[in-house]
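# Architecture and fold: a report
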Amino acid sequence: MVSRFIRGLVGSVIALLPFFVWAGGLEKLDRFVASTAAARADFQQTVRDAKGTPVQQARGTMEFQRPGRFRWAYVQPYEQLLVGDGEKLWIYDRDLKQVTVRGLGEALGATPAALLAGSNDLRTSFHLKEGGKGQGLEWVEAIPKARETPFQRIRLGFDPAGTLVAMELEDGLGQTTALQFFNLQRNPAIDPARFRFTPPPGTDVIGEGS
């Protein structure tokens, strides 16, 4: 009788394993946000037009620390740096020797940076829903609540371990930006200076603080 009970218990656990391994995308997102106050990763970016034709590729690194601090650096095919210091967003184009400054709240709004580096309450800025399975990932769809936003839909892909490995962004013209994250580290020790920006001498400053 005990043996039968144990077999039944083991059978029940095995039956539940797919549920735990393939937890829904929303559950994975909530866990990721709750357990990841900071992160660092490499990324590869591909932009496709409305017909699905690749029109641009880039790669770089990203770091973030909640709330509102992030560093997004493109290294190829051109160098561009975006730094959120908690109050302002700095967009630095090295080739043009130009930096654009905006208020961080206005700049984040309902953008990808808000999903990664914003507050934990994502439902304030986004309508969230399950995005289904695809490419071996669980997806979440995030629809911005704000009317004026560069992206109409954002999709986040999580692997079975709950790690964010992909993001897709669709704009109003049908263009899609696909991001793949590699070597993602959760809660690394990041120097606070990484989230500060001082314009180099000779740089034109446009916007707030100019």
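The structure we're discussing is the one just above.
In this report, the structure presented in the accompanying data block is examined. Quick caveat, the model's predicted, so the values are computed rather than measured.

### Re the overall build of the protein chain
A count of helices and strands for the protein chain gives four helices and twelve strands. Counting across all 210 residues of the protein chain, residues that qualify as buried make up 40%. Taking the contacts inside the protein chain whose residues are at least 6 apart along the sequence as the reference set, 47% of them involve residues at least 24 apart. Carbon and sulfur atoms form 54% of the exposed surface of the protein chain, whose accessible area is close to 11900 Å².

### So, the layout of surface pockets
Of the volumes computed, that of the second largest pocket is approximately 200 Å³. What lines the second largest pocket is a set of 14 residues, among which Gln135, Glu168, Ala178, Leu179 and Gln180 lie closest to the centre.

### Some remarks on helix H2 (residues 25-35)
Of all the positions in H2, only Gly25, Leu26, Lys28, Leu29, Phe32 and Val33 are classed as buried. Each buried residue of H2 sits inside an arc of 160° when the element is viewed along its axis, so together they form one side.

### Thoughts on the environment of arginine 69
Mapped onto the elements of the fold, arginine 69 is located in strand S3 (residues 69-76). Along the backbone, arginine 69 and alanine 117 are 48 residues apart, and their C-alpha atoms lie at a distance of 6.2 Å. With near-sequence residues (within four places) excluded, arginine 69 lies in contact with Glu63, Phe64, Gly84, Asp85, Gly86, Ala117 and Phe195.

### Observations regarding empty space enclosed by the protein
Under the criterion given, the structure shown has one cavity of 30 Å³ or more. The calculated volume of the largest cavity comes to roughly 40 Å³. Lining the largest cavity are Leu29, Phe32, Val33, Arg66, Leu115, Leu116, Leu156 and Leu164. Looking at the lining of the largest cavity, the elements that each hand over two or more residues are H2 and helix H4 (112-117). By residue number, the principal contributor to the lining of the largest cavity is H2, which donates three residues. Its residues assigned to classes, the lining of the largest cavity shows seven nonpolar, no polar and one charged.

### Some remarks on unusual backbone geometry
With an omega of -5°, the peptide bond between arginine 66 and proline 67 qualifies as cis. Mapped onto the elements, proline 67 comes out in the loop between strand S2 (54-65) and S3. With an omega dihedral of 0°, the bond running from glutamine 76 to proline 77 counts as a cis peptide bond. The backbone of glutamine 135 sits at a positive phi, close to 60°, despite the residue not being glycine. The residue glutamine 135 is located in the loop between strand S7 (126-134) and strand S8 (137-144) in this model. Looking at glutamine 135, the relative accessible area reads 68%, which means it is exposed. Of note in this structure, asparagine 187 is not a glycine but carries a positive phi near 55°. Take asparagine 187: it is sitting in the loop between strand S11 (176-186) and strand S12 (204-207). On the basis of relative accessibility, which here comes to 40%, the residue asparagine 187 falls in the partly exposed class.

Definitions and cut-offs
- Residues numbered from 1 in each chain as written.
- Predicted model: local features only at pLDDT ≥ 70, side-chain atom pairs only at ≥ 80, totals over all residues.
- Heavy atoms only, no water.
- Helix = DSSP H or I, 4+ residues; strand = E, 2+ residues; numbered from the N terminus.
- Buried < 20%, exposed > 50% of the residue type's maximum accessible area, 1.4 Å probe, protein only.
- Contact = heavy atoms within 4.5 Å.
- Areas by Shrake-Rupley, 256 points an atom, 1.4 Å probe, with all protein chains shown as cover.
- 1 Å grid on protein atoms, 1.4 Å probe; cavity = no way out; pocket = protein on both sides within 12 Å on 5 of 7 lines; lining within 4 Å.
- Points joined across faces, edges and corners; volume = space filled by probe spheres on them.
- Arc of directions from axis to C-beta.
- Nonpolar A, V, L, I, M, F, W, Y, C, P; charged D, E, K, R; others polar.

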